[in-house]
Amino acid sequence: MIVIASFAKMAWEGAIFRHLKSKTYSMEKRSAMLMTNHLLTATRLRYLTGFVGGVLLPMFLYSMSQENLVGLGHLQNMLLVAGGIFVLTLVGELSERFLFFAAIVSKKMPGDV
């Protein structure tokens, strides 16, 4: 479930980039332009950590759980992968929150009437 949810969430968030092809200079296009220019590092970090921590490592953990290996070493490896999933997903979500607030484009300046 986490693989499907992570992939769907990143696809939903990535839909903003379709506005880059728009001929109108909308708020969505300006946000997408910010994410691909000034905020490119944060954008790359968000999608890289989201994909690795939300898609690749959970699939790897699932494949590890299907093996019939018993032992403390195998359990420790699974816990290490689970910890990596947690850390990478957390970094990805924090990057997403940063991008949400940093890439927002308002219609007018605050306090302007």
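Caption draft 1: Seen up close, the side chain of Glu13. Structurally, the position occupied by Glu13 is in helix H1 (residues 2–14). A distance of 2.3 Å separates a polar atom in the side chain of Glu13 from a polar atom in the side chain of Lys9. Of the polar contacts made by the side chain of Glu13, one reaches the side chain of Arg46; its length is 2.7 Å. Not counting chain neighbours up to four residues away, the residues in contact with Glu13 comprise Arg46, Tyr47 and Glu96.

Caption draft 2: Representation of the nonpolar core in the model. Listed in full, the 5 residues of the largest apolar core are Met35, Leu39, Ala42, Leu99 and Ala103. When neighbours within four sequence positions are excluded, Leu99 is seen to be in contact with Met35, Leu39, Ala42, Thr43, Arg46 and Ile104.

Caption draft 3: Here's a closer look at helix H2 (residues 27–36). Considered for burial, the residues of H2 that qualify are Lys29, Ser31, Ala32 and Met35. The buried residues of H2 occupy one face: seen down the axis, they fall within an arc of 160°. Residues of H2 that are buried in the fold lie against helix H3 (40–66) and helix H4 (72–102).

Caption draft 4: Quick look at the packing of H1 against H3. Between H1 and H3, the shortest axis-to-axis distance is 8 Å and the interhelical angle comes to 160°. For the element pair H1 / H3, the angle class is roughly antiparallel. Between H1 and H3 lies a crossing of left-handed hand. Listed contacts from H3 to Ile2, Val3, Ser6, Phe7, Lys9, Met10, Glu13 and Gly14 of H1 are Arg46, Tyr47, Gly50, Phe51, Gly54, Val55, Pro58 and Met59.

Caption draft 5: Local environment of the UniProt feature "transmembrane region" (unreviewed entry) in the protein. With numbering aligned to this structure, UniProt lists the feature "transmembrane region" (unreviewed entry) at residues 45–65 and 77–100. Counted over residues 45–65, helix gives 100% and strand 0%. Its end C-alpha atoms are 28 Å apart. Annotation note: span residues 77–100, helix share 100%, strand share 0%, distance between end C-alpha atoms 34 Å.

Caption draft 6: Structural view of a nonpolar patch on the surface. On the surface, a nonpolar cluster with roughly 530 Å² of combined accessible area is contributed by Leu45, Phe86, Val87, Leu90, Val91 and Leu94. No other element matches the 5 residues that H4 contributes to the nonpolar patch. For Val87, the position within the fold is in helix H4. Residue Val87 is classed as partly exposed on the basis of its relative accessible area of 47%.

Criteria and thresholds
- Residues numbered from 1 in each chain as written.
- Predicted model: local features only at pLDDT ≥ 70, side-chain atom pairs only at ≥ 80, totals over all residues.
- Heavy atoms only, no water.
- Helix = DSSP H or I, 4+ residues; strand = E, 2+ residues; numbered from the N terminus.
- Polar contact = N/O pair within 3.5 Å; in protein donor to acceptor, adjacent residues only side chain to side chain.
- Contact = heavy atoms within 4.5 Å.
- Core = buried A, V, L, I, M, F, W, Y, C linked by side-chain atoms within 4.5 Å.
- Buried < 20%, exposed > 50% of the residue type's maximum accessible area, 1.4 Å probe, protein only.
- Arc of directions from axis to C-beta.
- Axes fitted to C-alpha atoms, helices over the stretch in contact; angles between N-to-C directions.
- Parallel < 35°, antiparallel > 145°, perpendicular 65-115°, else oblique.
- Left-handed = near helix turned anticlockwise from the far one by under 90°.
- UniProt positions renumbered as here; feature names shortened; annotations may be inferred.
- Patch = residues over 30% accessible without salt bridge, like charges linked within 9 Å, V, L, I, M, F, W, Y side chains within 5 Å.
- Areas by Shrake-Rupley, 256 points an atom, 1.4 Å probe, with all protein chains shown as cover.
- Salt bridge = Lys/Arg side-chain N within 4 Å of Asp/Glu carboxyl O.

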